[in-house]
Amino acid sequence: MAIFMTIQLHGNIAYILKHRGQILATMVLVAFASGIGTLLFQTVTQNRILTPSVMGLESLFVLLQTVLIFALDIGGLSMLGSVGRFLAEGALLVTFATLLYRWLLSGSGMDLHRVLLIGLVCGTLFRSASGLMQRLMSPGEFAVLQSRIFATFTRADGGVLMVCALIVALVSLVVWRMRHRLDVIALGANSATALGVPYRRNVTGILLLVALLVATSTALVGPMMFLGLLIVNLTYPLIGSWRHHYLLPGSVLIGMVTLIGGQLVLERLLDMAGTLSVVIEFTGGALFIYLLLKKAKK
């Protein structure tokens, strides 16, 4: 962080520090949200390959952006303001996840595989609806949409960052207080129930926290499907512990190093030859394929 803020610092220092500070704050918040959200999700599902993206939240984000521009046009969208648009998008994403979980978990038993399957189906439905509306847009509206659904760390303003920081801080506080309970939940439903932990109620709350974190990260920078997968699968071997007392801060720190270090390399060594989101998605996608093949061999 210190290197990112001070390297090659010349010219209008006040403007440069403000610009870099916003980018740095965005990467830190995304590292918090993606790292903790994916770690919690994999703790509940007991699977190191699955990520919250399979629940269709990021596809819903693209659909929401498409509907807003398609229905309100560019002028109407600008009237909402950046903070208002962010709150609306985040609220709709969390509402979708809440309704989905309440419906799926209201029966006599909880089937996480059903949650994942329906999330995958919803994601396909959302992408299809987005594609249909995008074909009906004007070229100007489509260009604006592409700028909004392509992940970037440089477009968030101060008001949105403050709201995101408050949300991430509150969720992180709740998660940190239940870190020892997460160790028990990771053992599975039967073991957790035998040890006195109300498994179903805790898992429902954890999934809602995951939805809030993913919605915050996605509404802030755009969809990044494999960032959480990359962060958490680096955390497990580097931390070398199953206790969430170490995994939670470890995932955040590794996420920060991944994002800030990657941005430094692209800016200073590669002269912005690419974008960080593309590099992360490519690396995370390759890791995802590797994990699938590794699991298939077992």
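Source: prediction; values computed, not measured.

**A closer look at the side chain of T258**
Position of T258 among the secondary structure elements: in helix α12 (residues 244–269). A polar side-chain atom of T258 sits 2.7 Å from the main-chain carbonyl oxygen of I254. Every residue in contact with T258, bar those within four places of it in the chain, is listed here: L230 and L234.

**Some details on the confidence of the model for the chain**
Overall, the prediction assigns the chain a mean pLDDT of 80, with 86% of residues at 70 or greater. Element-level mean pLDDT values for the chain span from 71 in helix α3 (residues 57–79) up to 92 in helix α8 (residues 179–185).

**Examining helix α7 (residues 158–177)**
In a regular helix each residue adds 1.5 Å, so 20 residues correspond to 28 Å; α7 covers 29 Å between its end C-alpha atoms and thus fits that length. Along α7, the residues that are buried comprise V160, L161, C164, I167, V168, V171, S172 and V175. On an axial view of α7, the arc spanned by its buried residues comes to 130 degrees, and they lie on one face. Facing away from the buried side of α7, by more than 90 degrees, are the exposed residues M162, L166, L170, L173 and R177.

**Section: the nonpolar core**
Ranked by internal contacts, the top residues of the largest apolar core, which has 72 residues, are F4, M27, F153, V175, I206, L220 and L259. Beyond its immediate stretch of four places on either side in the chain, F4 contacts R20, I23, L24, M27, I260, Q263, L264 and E267.

What counts and how
- Residues numbered from 1 in each chain as written.
- Predicted model: local features only at pLDDT ≥ 70, side-chain atom pairs only at ≥ 80, totals over all residues.
- Heavy atoms only, no water.
- Helix = DSSP H or I, 4+ residues; strand = E, 2+ residues; numbered from the N terminus.
- Polar contact = N/O pair within 3.5 Å; in protein donor to acceptor, adjacent residues only side chain to side chain.
- Contact = heavy atoms within 4.5 Å.
- pLDDT = per-residue confidence, 0-100.
- Expected span 1.5 Å × (residues − 1).
- Buried < 20%, exposed > 50% of the residue type's maximum accessible area, 1.4 Å probe, protein only.
- Arc of directions from axis to C-beta.
- Core = buried A, V, L, I, M, F, W, Y, C linked by side-chain atoms within 4.5 Å.

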